[in-house]
Amino acid sequence: MKKQELLAPAGDIEAGYAALYYGADAVYLGLSKFSARATATNFDEKALDEFTAYAHHLKRKVYVALNTVLQESELSDLIKSLDICTHCHVDGLIIQDLGVAHVMKEKYPWFEMHASTQMAVHNKEGALFLQKMGFKRVVLARELTLAEIKEIAAIPNLETEAFIHGALCYSYSGLCQFSAIENGRSANRGKCTYPCRARFNLNGKESNLFSMKDMALQADILKMPVDSLKIEGRKKSALYVAAVTDYYRQILDGKGADSNREERIKQIFSRPWCKFHFAGKDKNVIDRNFVGHRGLLIGKVEKITHHKLIFKTNHKIARFDGLQLDAKGDDKPFGFSVQKLYVNRKSCFEAKAGEIVEIDLPPNYPKLGLGDKIYLASSTEVKGAYHYDKPKENLYRNTNDISIDVNVTKNALIAKCGQYTAQIDGNFMPTDHPQKSVEAIQKAFAKTGDTHFNLKELHIENTENLFTPASLLNELRRQLYAKIQIEQHSGELPSIPLKKDTQKTLQYKIKVDRLEYLDLLNLDNFSEVIYLLDPHSDIKEIMKLPKNKLRLALPAVCRRPNLFTDIISKLLNMGYAKWEVANYWALQVLPTEKLDISFDTSLYMLNTQAISMAQQMHASQVTLSLEDTKINICSLIEKSPLNTGIVIYQDIPLFTSVGCIRDNDCKVCPQGELWFDLSRDGKKYKALSRNCQMMVFDNQPFCIASEAADLEPDFFRMDFVYCPYTAEDVLNISNKLLEFENISNCIKGNFLSNNI
């Protein structure tokens, strides 16, 4: 097995230097725009150039995460970002948006494309399809088991990357719409408000139902066959990055999982650790009681007297260290700095492991109980344990090799670099010292100054041994280098094919996951019925619907695509040619070039470049994103090369997760459908547990029928999936929607917002 890459995060240049010093083979980072960690410091062009040059000097790699979805107006800024990555010699780009992929394939083919975990690649089929689309590497969904990881990693000529340590999202990355729909800040655009960390009320009890523990695979990384082992943490400090990188470097180098290094990490930043579903289903991955940094467990409250905390510490502790306690009734630990420390009633600076300590509590400390856990959350000693070397500022920079031809004639000095030419006219006389003219030309063009050029070759033609003044040679060089620089910054977007000009007629589509919902409808009102398949769908019932109106949909998440093999094969053989896909795995199992393919909302069509890429992937139509704004949707309807549709009614899955909130053990789980009523700050939600998958919904459906009435997409769509309805409900609601009437008590998402 070839050497695996240890990939570390960098939210700023200091974290990047720390990662390199402590053994990262590669670093991933974000720019000021289009980063899924938009609130990290991130890198400007100067910092990126300096950092990549230094990393390449050390024979390490740098990847840039351009892993958000883009609106149409942002495409010009995308070009600027890609140009920066080109100038700075970035080794690869981590992306989510198909529009970014399209621009890269057409205009920046020299970059490696890495499929972000935001693309929700969770099975072999999805990875195979993205490989066909030109992706060199796929970042796997965090939810996968070791067996699933091994299956995908076995794909020939495809690099795989998997997370090994750090924060976990409750929802599949890329399928979380909670922050966008409820708070107007899209996780798919790097603006997540982390609603999964909030407290929810279930059956009268408040807890952090969806707050995930941190992933820490520790020595189990040695079992993983992936090419790149990824540490999460672009919002973490350089100290954290140093400690975690050092810890896993030791493991990969055969030195084992060092317990002292583990303790240091927990003192810097750590929620409780888990291995997620690495070894199979595991319900013990959510910390319902507390959120945020916990620290290293060093004891339990034994006594509180005279405003002093008394306990036996199992770890060294010193003045000015930070402690945190699990105070019952608070969703966050209570923390304070140790100002006074006593052992045997004597004031001291430091206490050893095994000693009984007394610590002064700060004023207004919360109610603490015997047995409450005590954590060392910050250590002065640890803060000084991870020094790192870094280069002097401006010492390293990237350069581009260039070759120049200089021709000296009696009437002109001419310099050429590829297709670029600079010329200075004049009268040039013979010289008695031709070698000095050669040296003057060499000296002039060796001055690359503030440019990013490295003069690799210089060819001089001066057959008549003419004198060349230094001032004119310098001006000739400046003119030529300026022209080359201008060209390097002149990237452009690929052209978008025009859609055939056809007369639009008002069309409605209805999507259901239960065919009985259609019983009372007049299907003449709908151009299409979209039916969400499951492996046990009744083909005989499907056949009762008019084939020319039926479109068959495959789900966004499918951990076992083989379960669909039989039903897909039968329906294809029966001539069903209209299909809807919600994730890349479906494009691998369907003969897309022979079918009428529609892209669902979870493939995030927010710009025309993405829609053009969808066209190359054999899509005939796309349904625009549920997260998008009316302003951007109008632009896409006007410019799209494909037919476009808008969802005007749906119960939007805010979370789609494997994090089960049932109380029963997995071994005795009945597996059937189970609903939960939840609330947060007076707002109501509902959650569905079915087939080891959780979905969370707003108690009110998304509905924009009235607000979208003035738009002219190719179709409007109404969805009745996941949440329970009766045929009468569907009839009554759809009749209102057909008249562009909203139902009462609905949410609007971002449709009327200016941005997301």
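All values derive from a computational prediction rather than experimental measurement.

1. Description of the overall build of the protein
Looking only at helices and strands, the protein has 18 helices and 40 strands in total. Relative to the 2.2 N^0.38 estimate, which gives 27 Å for 756 residues, the radius of gyration of the protein is 31 Å and therefore close to what a compact globule would have. With respect to the principal axes defined by its C-alpha atoms, the protein has extents near 100 × 90 × 45 Å. Surface exposure of the protein reaches about 32,100 Å², of which carbon and sulfur atoms provide 48%. Taken as two groups, the 95 positive and 93 negative side-chain charges of the protein have centres that lie 5 Å from each other.

2. Brief notes about the sheet that holds strand β9 (residues 205–207)
Reading across from one edge, β9-β8-β36-β37-β38-β35 is the order of the six strands in this open sheet, with antiparallel pairing throughout. Strands at the two margins of the open sheet, each flanked by one partner only, are β9 and β35 (655–657). The mean inter-strand angle of the sheet, taken between neighbouring strand axes irrespective of direction, is 30°. Pairing of strand β36 (residues 674–680) with strand β37 (residues 683–690) involves seven bridges; the strand directions are antiparallel. Residue Leu678 lies in a different strand from β37, and its bridge partner there is Tyr685.

3. Describing the packing of aromatic side chains
For any pair of aromatic rings, the description rests on two quantities: the centre-to-centre distance and the angle between the ring planes. By the definition in use, this model includes 32 aromatic pairs. Ring centres of Phe453 and Tyr481 lie 5.1 Å apart, and the angle between their planes is 70°; on these two criteria the pair is classed as edge-to-face. Linking Phe453 in strand β27 (residues 453–461) with Tyr481 in helix α12 (residues 470–488), this pair joins segments that are 28 residues apart in sequence. Tyr481 gets classed as buried once you look at its relative accessible area, which sits at 3%. Ring geometry for Tyr517 and Tyr725: centres 6.1 Å apart, planes at 80°, overall edge-to-face. Residue Tyr517 is located in the loop between β28 (508–512) and β29 (528–532), and its partner Tyr725 is located in the loop between β40 (715–720) and α18 (727–738); the two are separated by 208 residues in the primary sequence.

Cut-offs applied
Residues numbered from 1 in each chain as written. Predicted model: local features only at pLDDT ≥ 70, side-chain atom pairs only at ≥ 80, totals over all residues. Heavy atoms only, no water. Helix = DSSP H or I, 4+ residues; strand = E, 2+ residues; numbered from the N terminus. Rg over C-alpha atoms; globule rule 2.2 N^0.38 Å. Areas by Shrake-Rupley, 256 points an atom, 1.4 Å probe, with all protein chains shown as cover. Lys, Arg positive; Asp, Glu negative; His and termini not counted. Charge placed at Lys NZ, Arg CZ, Asp CG, Glu CD. Pairing = 2+ DSSP bridges. Axes fitted to C-alpha atoms, helices over the stretch in contact; angles between N-to-C directions. Phe/Tyr/Trp six-rings, centres within 6.5 Å; stacked < 30°, edge-to-face > 60°. Buried < 20%, exposed > 50% of the residue type's maximum accessible area, 1.4 Å probe, protein only.

Take it as geometry only, folks, not as evidence of what the structure does.
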